[in-house]
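Examining the three-dimensional arrangement
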There are 4 protein chains.
Amino acid sequence: MRIKKLQSFLLSRLGASDRFLGRKAGIDTNASFGRPWMFEPGYSTVRQNYPAAGSTSGRIFAPYSVYKGKAALSINPILPTFTKLESGGIKVDRRGVMMLKFWPAIGERKYDWEKRQLFALSATEMGSIISMGPQDSCELFHDPSMLSSNAGQVRKSLAIKPHADGSGYFFNLNVVNNILKTSERFTVPVTTAEFAVMKAACSFALPHIMGWDRYTTHPPRRTEGSPSRVDTQLLDLEWDK
Amino acid sequence: MRIKKLQSFLLSRLGASDRFLGRKAGIDTNASFGRPWMFEPGYSTVRQNYPAAGSTSGRIFAPYSVYKGKAALSINPILPTFTKLESGGIKVDRRGVMMLKFWPAIGERKYDWEKRQLFALSATEMGSIISMGPQDSCELFHDPSMLSSNAGQVRKSLAIKPHADGSGYFFNLNVVNNILKTSERFTVPVTTAEFAVMKAACSFALPHIMGWDRYTTHPPRRTEGSPSRVDTQLLDLEWDK
Amino acid sequence: MRIKKLQSFLLSRLGASDRFLGRKAGIDTNASFGRPWMFEPGYSTVRQNYPAAGSTSGRIFAPYSVYKGKAALSINPILPTFTKLESGGIKVDRRGVMMLKFWPAIGERKYDWEKRQLFALSATEMGSIISMGPQDSCELFHDPSMLSSNAGQVRKSLAIKPHADGSGYFFNLNVVNNILKTSERFTVPVTTAEFAVMKAACSFALPHIMGWDRYTTHPPRRTEGSPSRVDTQLLDLEWDK
Amino acid sequence: MRIKKLQSFLLSRLGASDRFLGRKAGIDTNASFGRPWMFEPGYSTVRQNYPAAGSTSGRIFAPYSVYKGKAALSINPILPTFTKLESGGIKVDRRGVMMLKFWPAIGERKYDWEKRQLFALSATEMGSIISMGPQDSCELFHDPSMLSSNAGQVRKSLAIKPHADGSGYFFNLNVVNNILKTSERFTVPVTTAEFAVMKAACSFALPHIMGWDRYTTHPPRRTEGSPSRVDTQLLDLEWDK
């Protein structure tokens, strides 16, 4: 069994991983970096400007949910936001995520939605799940307060482990809160069929979460109607940048 | 050969499976459950508000069909329906399905469409088919009257079994009706090529059946034109819910 | 090495295969068949109402082409056509295809487009190619005059065979014309990378060729704005047809 | 471990490969070639009519980026451009590409965007990456000045090699410039999860880069509203061209 351990940049206590370096670089305003704002590296769950709770105007509710004996699990995509540049172009402002929600069973056929815990998968973390084979495991760590003064006070870990008989996976979410002195654990068995839906849904959503659907719906340099003959004198971007 | 047995929640006689619990939870109006109506768990073939037969206005007819010696089989997607929330958002009202139709051969090159039987695959059941390897089997059970007084009177089972030589699968639909005292069986051999089309078609249709295409065509929180700088004070949904 | 032999219904001389039965059923107007026009089984290359040559208005030219030593090969999709029903629905009129074109090299870096030969892959034939593993072969037979008085006079066969070293495939098209007493053969080696593009392109195009994109762009029964509560008394299509 | 070596037509010093022949054929205006302008074979990075630097109007900035210890790597698609034909149809003018950008780390969490080097993947080169298994390697060669007087003066090579422990790949870009007497090398380790995102993103973008989304958004011969009965006398394109 191959174990994939992903130390997310959100777990600041692990020190500066490669990816964490990148994140910092995006914040760093050192002039030698060039145009860092164009390259938002990674995704931070800390800084999401979601609309306030209750303000659900325009929101879509089509989660994929599985209800099991001890807890329920749902997933749904959250699209990126964009900002318009003065040049007329647009760039990704906040990366999209795949939101996982766990909430506990509190009796037969009863679940407590108010006790839900969230885990927001970045594009790369979705890649980790998409690439899982039937015997693979995956473990992801988040610190939702990483960049604030509460860094390290709350740790979330999501572990996905295959059933011994190959009939699916266990999704385990563990949330340790040192401020509230609480520790919560959710376990949801996911069948092979349900996992196939999640993988297919993630594969479908990934380009949209990355904002790549914008490349396809707004072809920026179409020359329809004005046939432009190839000009060998023109700047070659690969060559000259 | 690995056997995947899926006991659908629709077969109520098997007792309360995990998924069945979930279904019930969605119906249960116990206040402690939170917002159950946002999380329609699973799909029930019992309660579809299809337009009445004959009312085909706006319908699309592009099934993928295979005609074999004893019976024919066609598949086509049926999209979910949505309802508008007072908040302005929309939510899935009725889940979409992949509809399988079987109808018998009644002579050389003749098929009796009036004797067709239907089997509506939920998203998870589609996941079961999408994840099938060349040696896998799959068995699904439905009771279309599960939640009515006729529960248990009709049983449908769909079995997909690989050919011994790996050249495809047998699709077997069995419909036992204790009210009409009838039992019908359809067998359609499906080649590897035809199954590949079905898998590709299911993979394409799955996000649409789940309603996830709405996430992509109606980006809810686009901030184009109003560049919003990241506000670290803003509510972090993962952290605070 | 597994050999997939597909005897297309277009090769009438092989007798009535399962699929051929289906084709005939679609033509048969026997009343006991029900609504055969709704289930155009298979695809016939015989009856295409293409616009006349030269009338390219609205056509798209974006083939994927590979040029090799003895011949060139290009592929491009041709979408289905639809007809509007009196009920307001639409149905597929002519199935879409993936068109393969072969044309010979006639010297160094010179190819003779006028000597091209075509081979139109149906959805199922595309499924055959999509499901090919690195060691698989595939052979397809067409008789473009099958349903006319010239049936059997022209035979086309497309064979796709893996290179011995696993570095790609040979695409061989053979066209035997008993009327003109000609026999032409095209051989195009296709690398693994080029084949990956063809598979990805076919996977992308398949739902469109089947007309399934219509299911997604024209959601027929959306109830947005008119929240319809589930009516358990409503007709259940799976149960009652 | 299987090694895939792709000698791109851009490396003119390797002589006339099959693909190079094709490229030349597209330029050749020999009348016997037929309609060569309809079949732009391959993609040349030499002749791109990009807008001048700074002119970013309408551009989309949503790259997928990974920041590692020695360098950063980002990928983003560039769509094809089209020209309108007198017939009313449209054809691909300049092929799309997947643009890879490498830029070096110049200190802790600092990267020098001004020192970036580009590598533009054609559709076939994307196919090479998409089809890579966990133990496969891939090597691509470009000469951005191939068709100019500077041919051979600059050589770019991109090598993708698996980690020994199967935990991902190394992306190595080497740029040797005989004019400036410089040689630059970038090495970016890419995890399995990150590579899965790249493959998924390439798979999503490939049809758009090929221009095939035009086939689906502009169905050229739809007959909706004017039901056309099949005319067996009509020209069969497969048969008569």
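To keep things clear, this report deals only with the structure shown in the data block. (Residues numbered from 1 in each chain as written. Chains lettered and ligands numbered in written order. Predicted model: local features only at pLDDT ≥ 70, side-chain atom pairs only at ≥ 80, totals over all residues. Heavy atoms only, no water.)

A few words on the overall build of chain A. Within chain A, the secondary structure is distributed over five helices and 13 strands. Burial status across chain A gives 60% buried among its 241 residues. In chain A, the proportion of contacts linking residues at least 24 apart, taken out of those at least 6 apart, comes to 55%. Carbon and sulfur atoms make up 52% of the accessible area of chain A, which amounts to about 9,000 Å² in all. (Helix = DSSP H or I, 4+ residues; strand = E, 2+ residues; numbered from the N terminus. Buried < 20%, exposed > 50% of the residue type's maximum accessible area, 1.4 Å probe, protein only. Contact = heavy atoms within 4.5 Å. Areas by Shrake-Rupley, 256 points an atom, 1.4 Å probe, with all protein chains shown as cover.)

Here we take up the packing of helix α3 (residues 192-209) of chain B against helix α2 (residues 123-130) of chain C. The interhelical angle for the contact between α3(B) and α2(C), taken along N-to-C directions, is 95°, at an axis separation of 7 Å. Considering the angle they form, α3(B) stands roughly perpendicular to α2(C). Only A123(C), T124(C), G127(C) and S128(C) of α2(C) make contact with α3(B), whose side of the interface consists of A193(B), E194(B), A196(B) and V197(B). Grouping the amino acids of the contact of α3(B) with α2(C) by side-chain chemistry returns four nonpolar, three polar and one charged. (Axes fitted to C-alpha atoms, helices over the stretch in contact; angles between N-to-C directions. Parallel < 35°, antiparallel > 145°, perpendicular 65-115°, else oblique. Nonpolar A, V, L, I, M, F, W, Y, C, P; charged D, E, K, R; others polar.)

Position of L85(A) among the secondary structure elements: in the loop between β5 (81-84) and β6 (90-94). When sequence neighbours within four positions are dropped, the list of residues in contact with L85(A) reads I90(A), K91(A) and F61(D).

So, about the sheet that holds strand β2 (residues 60-61) of chain D. One open sheet accounts for three strands, arranged β5(A)-β6(A)-β2(D); its pairing is mixed. With partners counted over all chains shown, the strands left at the sheet margins are β5 of chain A together with β2 of chain D, one partner each. Direction of pairing for β5(A) relative to β6(A): antiparallel, over a ladder of four bridges. Each residue of the ladder has a partner; that of K84(A), found in β6(A), is I90(A). (Pairing = 2+ DSSP bridges.)

Bringing the packing of aromatic side chains into the picture now. Residues and elements named next belong to chain A. If you walk through the whole model with that rule in mind, you get 28 aromatic pairs over all chains. Considering the side-chain rings of F102 and F186, the 6.1 Å spacing of their centres and the 40° angle between planes classify their relative orientation as tilted. A residue pair is termed long-range when its members are at least 10 positions apart, and F102 in strand β7 (residues 97-107) and F186 in strand β13 (residues 182-191) qualify at 84 residues. In this structure F102 comes out as buried when scored by relative accessible area, which is 0%. (Phe/Tyr/Trp six-rings, centres within 6.5 Å; stacked < 30°, edge-to-face > 60°.)

The next point concerns helix α3 (residues 192-209) of chain A. Residues and elements named next belong to chain A. Taking 1.5 Å as the rise per residue, α3 with 18 residues should run 26 Å; its terminal C-alpha atoms sit 24 Å apart, in good agreement. Summarising burial for α3: 15 of the 18 residues are buried, a large majority. Looking one or two residues beyond α3, the residue adopting positive phi is G211, at roughly 85°. (Expected span 1.5 Å × (residues − 1).)

All names here are of chain A. The alternating pattern of strand β3 (residues 64-67) places Y64 and V66 on one face and S65 and Y67 on the opposite face, and all of these are buried. With four bridges joining them, β3 and strand β4 (residues 71-78) adopt antiparallel strand pairing. The residue of β4 that forms the bridge with Y64 is I75.

Residue and element names in this part refer to chain D. This model, assessed by the stated rule, comprises nine salt bridges over all chains. Between E194 and K68 there is a salt bridge, and its shortest N-O distance comes to 2.9 Å. Of the two residues, E194 sits in helix α3 (residues 192-209) while K68 sits in the loop between β3 (64-67) and β4 (71-78), which places them 126 residues apart along the sequence. For E194, a relative accessible area of 4% corresponds to the buried category. For K68, a relative accessible area of 5% gives the class buried. One salt bridge connects K115 with D112, and the closest N-O pair in it is separated by 3.7 Å. Since its relative accessible area comes to 44%, K115 is described here as partly exposed. Residue classification places D112 among the buried residues on the basis of a relative accessible area of 12%. (Salt bridge = Lys/Arg side-chain N within 4 Å of Asp/Glu carboxyl O.)

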